[in-house]
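What the coordinates show
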Amino acid sequence: MCAFFSRNGSKAHYLWRRPSIEPLNIKNHIVHHQLQHSKVYSRLPQSFYRKTKELELSNPSFLAFFSGVSSSASKVGFVGWYLEKLNTRPILTKSITCGLILTAADLSSQTIGGSLMEQYDLTRTLRMAGYGALIVGPSLHFWFNFLSRCFPKRDVISTFKKIVMGQALYGPAINSIFFSMNAAAQGESSSEIVARLKRDLVPTVVNGLMYWPICDFITFKFVPVHLQPLVSNTFSYLWNVYLTYMASQEKVSTV
């Protein structure tokens, strides 16, 4: 408080003055605020920092969005349970998923073919389910991991390299295995299997060139590696409807 007098000295006026904050008190206030701020962030789990860093290193914006959606959905119901199984048991989860998708594809193929409910070939459906669970599912797991190690980048050139390798190596190989195993399961001889491959393999590969490059581009460019088999299997639903139709054709006469 301070006082001052008028010119005639008769009256005294008093004023209250707010005490000034010492520089040391300001410094202590700032340090205290920073400590409280750091305590809040220290409570976040370390996985938050790792996931944030991974998203920062991802160049494509769509990939960052996809990863953010998958990480946020990992706590929701069936999606969270499925993503957890992909991390803990990737091969088994992908194999069962592929088997179920091939089962649905075969049933759809038989429905499109005009089969009645009592005329469904359940043996054929079981063959497709076993082929998907035992062959396609595990092979896709190792194939996508192999491509990601060979071409770790997601630029256009690396993506096209993966597509070319898939169409030149994996596609013909997996289709050959499919036709051979399906024919052998139906009791066809080795000469009949070779004749079937000569008849059906080339048209199947050619038709695959009109369908799979677009699907593979989306898969390799925008989808994380651990989800690529799932997306590929989703695309393969329509393809397997066609593939089961090709496999259901009559065997080639070797006479």
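Provided above is the structure to which this section pertains.
Figured I'd write up the structure that's included with this text.

Cut-offs used in this document
- Residues numbered from 1 in each chain as written.
- Predicted model: local features only at pLDDT ≥ 70, side-chain atom pairs only at ≥ 80, totals over all residues.
- Heavy atoms only, no water.
- Phe/Tyr/Trp six-rings, centres within 6.5 Å; stacked < 30°, edge-to-face > 60°.
- Helix = DSSP H or I, 4+ residues; strand = E, 2+ residues; numbered from the N terminus.
- Buried < 20%, exposed > 50% of the residue type's maximum accessible area, 1.4 Å probe, protein only.
- Salt bridge = Lys/Arg side-chain N within 4 Å of Asp/Glu carboxyl O.
- Axes fitted to C-alpha atoms, helices over the stretch in contact; angles between N-to-C directions.
- Parallel < 35°, antiparallel > 145°, perpendicular 65-115°, else oblique.
- Left-handed = near helix turned anticlockwise from the far one by under 90°.
- Contact = heavy atoms within 4.5 Å.
- Patch = residues over 30% accessible without salt bridge, like charges linked within 9 Å, V, L, I, M, F, W, Y side chains within 5 Å.
- Areas by Shrake-Rupley, 256 points an atom, 1.4 Å probe, with all protein chains shown as cover.
- Core = buried A, V, L, I, M, F, W, Y, C linked by side-chain atoms within 4.5 Å.

**With respect to the packing of aromatic side chains**
Throughout the structure, instances matching the rule amount to 13 aromatic pairs. Consider the rings of Tyr131 and Phe178, whose centres lie 5.0 Å apart with planes at 55 degrees: the pair is tilted. Highlighted residues: Tyr131 in helix H6 (residues 122–150) and Phe178 in helix H7 (residues 156–185), separated in sequence by 47 residues. In this pair, the class of Tyr131 matches that of Phe178, namely buried. Taking 5.9 Å as the distance between ring centres and 35 degrees as the angle between the ring planes, the aromatic pair formed by Trp143 and Phe146 counts as tilted. Residue Trp143 and its partner Phe146 are both found in helix H6; the two are separated by three residues, about one turn of the helix. Looking at Trp143, the relative accessible area reads 14%, which means it is buried.

**Quick look at the pattern of salt bridges**
Evaluated as defined, the whole model comprises four salt bridges. For Glu188, the salt bridge is made with Arg196, and the minimal N-O distance between the two is 2.7 Å. For Glu188, a relative accessible area of 9% corresponds to the buried category. We classify Arg196 as buried; its relative accessible area is 2%. Linking Arg199 and Asp200 is a salt bridge whose minimum nitrogen-to-oxygen distance equals 2.8 Å. Through salt bridges with shared partners, a single ionic network connects Glu188, Arg196, Arg199 and Asp200.

**Comments concerning the packing of H7 against helix H10 (residues 228–247)**
The interhelical angle for the contact between H7 and H10, taken along N-to-C directions, is 45 degrees, at an axis separation of 10 Å. Taken together, H7 and H10 sit at an angle that is classed as oblique. Relative to H10, H7 is oriented so that their crossing is right-handed. In this structure, H7 uses Asn175, Phe178, Phe179 and Asn182 to contact H10, whose residues at the interface are Trp239, Leu243, Met246 and Ala247.

**Some details on helix H9 (residues 212–222)**
The complete set of buried residues in H9 reads Trp212, Cys215, Asp216, Thr219, Phe220 and Lys221. Here the buried face of H9 lies against H6, H7, helix H8 (190–209) and H10.

**Brief notes about a nonpolar patch on the surface**
On the surface, Phe78, Val79 and Trp81 cluster together to form a nonpolar patch covering roughly 340 Å² of accessible area. Note on placement: Phe78 falls in helix H4 (residues 77–88). Phe78 gets classed as exposed once you look at its relative accessible area, which sits at 58%.

**A look at the nonpolar core**
In terms of nonpolar packing, the biggest core is built from 22 residues, with Leu102, Tyr131, Val136, Tyr170, Phe178 and Phe179 touching the most fellow members. When contributions to this core are tallied by element, the ones reaching two or more residues are helix H5 (90–112), H6, H7, H9 and H10. If one sorts the elements of this core by residue count, H6 sits on top with seven residues. Non-local contacts of Phe178, meaning those with residues more than four positions away in its chain, are made with Met128, Tyr131, Leu243 and Ala247.

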